[in-house]
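A look at the structure
The lines below spell out each chain.
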Amino acid sequence: MPELPEVETIKRILSKDVVGLTIKDVTVFYKRLIQTDYDEFVLNIKNKKILSLSRKGKYLIFHLSDDFALLVHFRMEGKFFHLKDLESNLNKHVSLYFTMDDGSYMIFNDVRKFGVMCLYKEEELPDCKPLKELGLEPWDIKGPEYLLEAYKHKGYMMKEALLDQSVISGLGNIYADEVLYRSKINPFMKAKDLNEEEAKKIIVNADEVLKEAIKAGGSTIRTYHPAQGVSGLMQVSLKAYGHEGKPCEECGARMEKRYVGGRGTTYCPRCQHVAPSIAITGKIAVGKSQVLEIFSSLGCYTASADEMVHSLYASESFLKLLKARFPFLFVDGKLDKGIVITKMGEDKKFRRGYETFIWSAVRDLINTFLINHTDKIAVVEVPLLFDAKMEDDFTFVVGVESDKQREYLEEREDHDVEKRLAINKRNSYDLNRKKLDYVIVNNGTRESLMSQVGTVFSSIYNAKANTCKKSH
């Protein structure tokens, strides 16, 4: 953000205000903004008249006198404002400002400091690295063959494919979600598996979405504004981005959100052919693992959050992060689980911080598991689902309950039965029971348990997220 429509809107607004003005001086507060030679930038930008503005992909281009061109990429939070007053608009987020010959200012404001500027000679512009690597804009793509050829060896997911500026330039996170939603394409499918019909849909919908957004002045999401006091309107027309947890406008299914390459991805599981996900939760010794095993026998993908935690503790990279956050837990370079247990029991603040750290890592692993298993129902056992606040990460939540916890613990020859039962009393399961979509009661035979799991499986398989999940 800003994406192509927002940059086009900025171009149109600035063109009205600054074409014909001359840059008399430049003041740079953040030197890393300048990606070409800094001294040459400062020297050569002065006394240049702005002749016109253009755009390529997400890049804004100022065409200047003496055959110079200023290339600007806003990245996450960059904004260019043309203002009469300087002092009241200077703050820690201003990276640079130009003093114009009419006494006005062009101020570049960038909260995240990711934006970049480059100054080139006009003849260098077509072959400069930033522009040379850009793919076609949607309206310049003549047919599906272009995408099929570009993606045929790509193992990344379709969401990542639409963000690849070397193939289609201009799409960012917001409009990529919208294009995939309108095209009814699974955002997690491999780009190399795209077929001709799907490629046609992407081209058509990318064209339509971006043109609609340009007409609406872009989307004002979080801090983006194309000019001071001006907001875009496209956000009110979006049907995917920002709609997680809401009913799909097409089918009524609950919109879901996962992460691909660190980018939030919102989609309709039914319209976009993403199989439902199920969380299994419950107290200690109620039979959660048995239920997971039965789901596996029914052909579901399965995973266990407990096993994920074990894998984290065996990971050197994770232990390095853990040590950086909690150095006092390590003795002679190794994690001392005795200290962890003691601190968990004595220090509530530590317990909250430690659990949050672990749960964040587990959530990432669960997200990776789910986005890589979307063709069939995926089931994850998450004992502390509600404590970790992960209930909304799944299409359905299944609770497993039993009155025979003591009996089951004794059958396991557990030496801490009373301790386990005491932990159960602290579990937030009962407080969140109303959030369950299904309850399986494990008080009878193995056959009874299999029958209940089979009933839940059939209900979810046949529904395929056809109706909106109850609001949590």
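How each quantity is defined
- Residues numbered from 1 in each chain as written.
- Predicted model: local features only at pLDDT ≥ 70, side-chain atom pairs only at ≥ 80, totals over all residues.
- Heavy atoms only, no water.
- Helix = DSSP H or I, 4+ residues; strand = E, 2+ residues; numbered from the N terminus.
- Buried < 20%, exposed > 50% of the residue type's maximum accessible area, 1.4 Å probe, protein only.
- Contact = heavy atoms within 4.5 Å.
- Lys, Arg positive; Asp, Glu negative; His and termini not counted.
- Charge placed at Lys NZ, Arg CZ, Asp CG, Glu CD.
- Salt bridge = Lys/Arg side-chain N within 4 Å of Asp/Glu carboxyl O.
- Phe/Tyr/Trp six-rings, centres within 6.5 Å; stacked < 30°, edge-to-face > 60°.
- Lys NZ or Arg CZ within 6 Å of the ring centre and 35° of its normal.
- Polar contact = N/O pair within 3.5 Å; in protein donor to acceptor, adjacent residues only side chain to side chain.
- 1 Å grid on protein atoms, 1.4 Å probe; cavity = no way out; pocket = protein on both sides within 12 Å on 5 of 7 lines; lining within 4 Å.
- Points joined across faces, edges and corners; volume = space filled by probe spheres on them.
- Nonpolar A, V, L, I, M, F, W, Y, C, P; charged D, E, K, R; others polar.
- Pairing = 2+ DSSP bridges.
- Axes fitted to C-alpha atoms, helices over the stretch in contact; angles between N-to-C directions.
- Arc of directions from axis to C-beta.
- Parallel < 35°, antiparallel > 145°, perpendicular 65-115°, else oblique.
- Left-handed = near helix turned anticlockwise from the far one by under 90°.

Looking now at the overall build of the protein chain. In terms of helices and strands, the protein chain carries 15 helices and 17 strands. Dimensions of the protein chain, computed from C-alpha atoms along their principal axes, come out at roughly 85 × 55 × 40 Å. Classification of the 472 residues of the protein chain by burial places 53% in the buried group. Here the analysis covers contacts within the protein chain between residues at least 6 apart in sequence; of these, 68% occur between residues at least 24 apart. Each charge class in the protein chain can be summarised by its mean position, and for the 70 positive and 68 negative side chains these summaries are 3 Å apart.

Attention now moves to the pattern of salt bridges. Throughout the structure, instances matching the rule amount to 23 salt bridges. The partner of R258 in a salt bridge is E256, with the nearest N and O atoms 3.5 Å apart. Per residue, the accessibility class of R258 equals that of E256, and both read buried. Through salt bridges with shared partners, a single network forms among E8, K11, R12, R55 and E137.

Evaluated as defined, the whole model comprises 19 aromatic pairs. Seen in terms of ring centroids, F29 and Y97 are 6.0 Å apart; in terms of plane orientation they differ by 40 degrees. Their pairing is tilted. Here F29 is found in the loop between β1 (22-28) and α2 (38-45), whereas its partner Y97 is found in strand β6 (residues 94-100), with 68 residues between them in sequence. Classification of F29 by relative accessible area gives partly exposed; the value is 48%. By relative accessible area, which is 12% here, Y97 ends up buried. Ring centres of Y97 and Y105 lie 5.9 Å apart, and the angle between their planes is 75 degrees; on these two criteria the pair is classed as edge-to-face. Here the aromatic residues Y313, F318, F326, F328, F350, Y354 and F357 are joined through ring pairs into a cluster of three or more. Between K121 and the ring centre of F68, over which it is positioned, the NZ or CZ distance is 4.2 Å. Positioned above the aromatic ring of Y301, the side-chain terminus of K376 is 4.7 Å from the ring centre.

A few words now on the environment of T356. Locating T356 in the fold gives a position in helix α12 (residues 348-371). Distance in space between the C-alpha atoms of T356 and F188 is 27 Å, their sequence separation being 168 residues. Among the polar contacts listed, one links the side chain of T356 to the backbone oxygen of R352, at a separation of 2.7 Å.

On to the layout of surface pockets, then. When its volume is computed, the second largest pocket comes out at roughly 370 Å³. Taken together, 18 residues form the lining of the second largest pocket, with K58, Y59, H73, R75 and Q165 sitting closest to its centre. Of the residues assigned to the lining of the second largest pocket, the class counts are 9 nonpolar, 4 polar and 5 charged.

Across the sheet, 8 strands lie side by side as β5-β7-β6-β1-β2-β3-β4-β8; this open sheet has antiparallel pairing. Of all the strands in the sheet, just β5 (78-83) and β8 (116-121) have a single pairing partner and so form its edges. Going across the sheet, the axis of each strand differs from the next one's by a mean of 30 degrees, ignoring polarity. Bridge count for strand β2 (residues 48-56) against strand β3 (residues 59-64) is 6 bridges, and the pairing is antiparallel. Paired with S54 across the bridge in β3 is I61.

Taken residue by residue, helix α4 (residues 144-151) has P144, L147 and Y151 as its buried positions. Along the axis of α4, the buried residues cluster in a sector spanning 65 degrees; they form a single face. Packed against the buried residues of α4 are α5 (158-163) and α7 (196-215).

This next bit is on the sheet that holds strand β11 (residues 277-282). Taken in spatial order, the 5 strands of this open sheet run β12-β15-β11-β16-β17, and their pairing is parallel. Each having just a single partner strand, β12 (301-304) and β17 (438-441) make up the two edges of the open sheet. The mean inter-strand angle of the sheet, taken between neighbouring strand axes irrespective of direction, is 20 degrees. Helix-sheet contacts for helix α9 (residues 305-313) involve β12 and β15 (378-381), and the interaxial angle to β12 is about 55 degrees.

The next thing to look at is the pairing of β1. The pairing of β1 with β2 spans 2 bridges and is antiparallel. Opposite T22, over in β2, you have K49 as the bridge partner. Two strands pair when backbone bridges link them, and β1 and β6 are joined in this way by 5 bridges, in the antiparallel orientation. Bridge pairing in β6 links T27 to Y97.

Residue placement: N173 occurs in helix α6 (residues 173-183). The class for N173 is buried, based on a relative accessible area of 10%. Here G264 takes part through its backbone oxygen, which lies 3.1 Å from a polar atom of the side chain of N173. Those residues in contact with N173 that sit more than four places away from it in its chain are E3, K159, L163, Y241, R263 and G264.

Turning our attention to the packing of α6 against α7. Two quantities define a packed helix pair, namely the angle between the axes and the distance from one axis to the other. Where α6 meets α7, the axes come as close as 9 Å, and the angle between the chain directions of the two elements is 130 degrees. One way to sum up the angle between α6 and α7 is to call them oblique. As for the relative orientation of α6 and α7, their crossing is right-handed in sense. Residue-level contacts link Y175, E178, V179, R182 and S183 of α6 to K201, I202, N205, A206, E208, V209, L210, E212 and A213 of α7.

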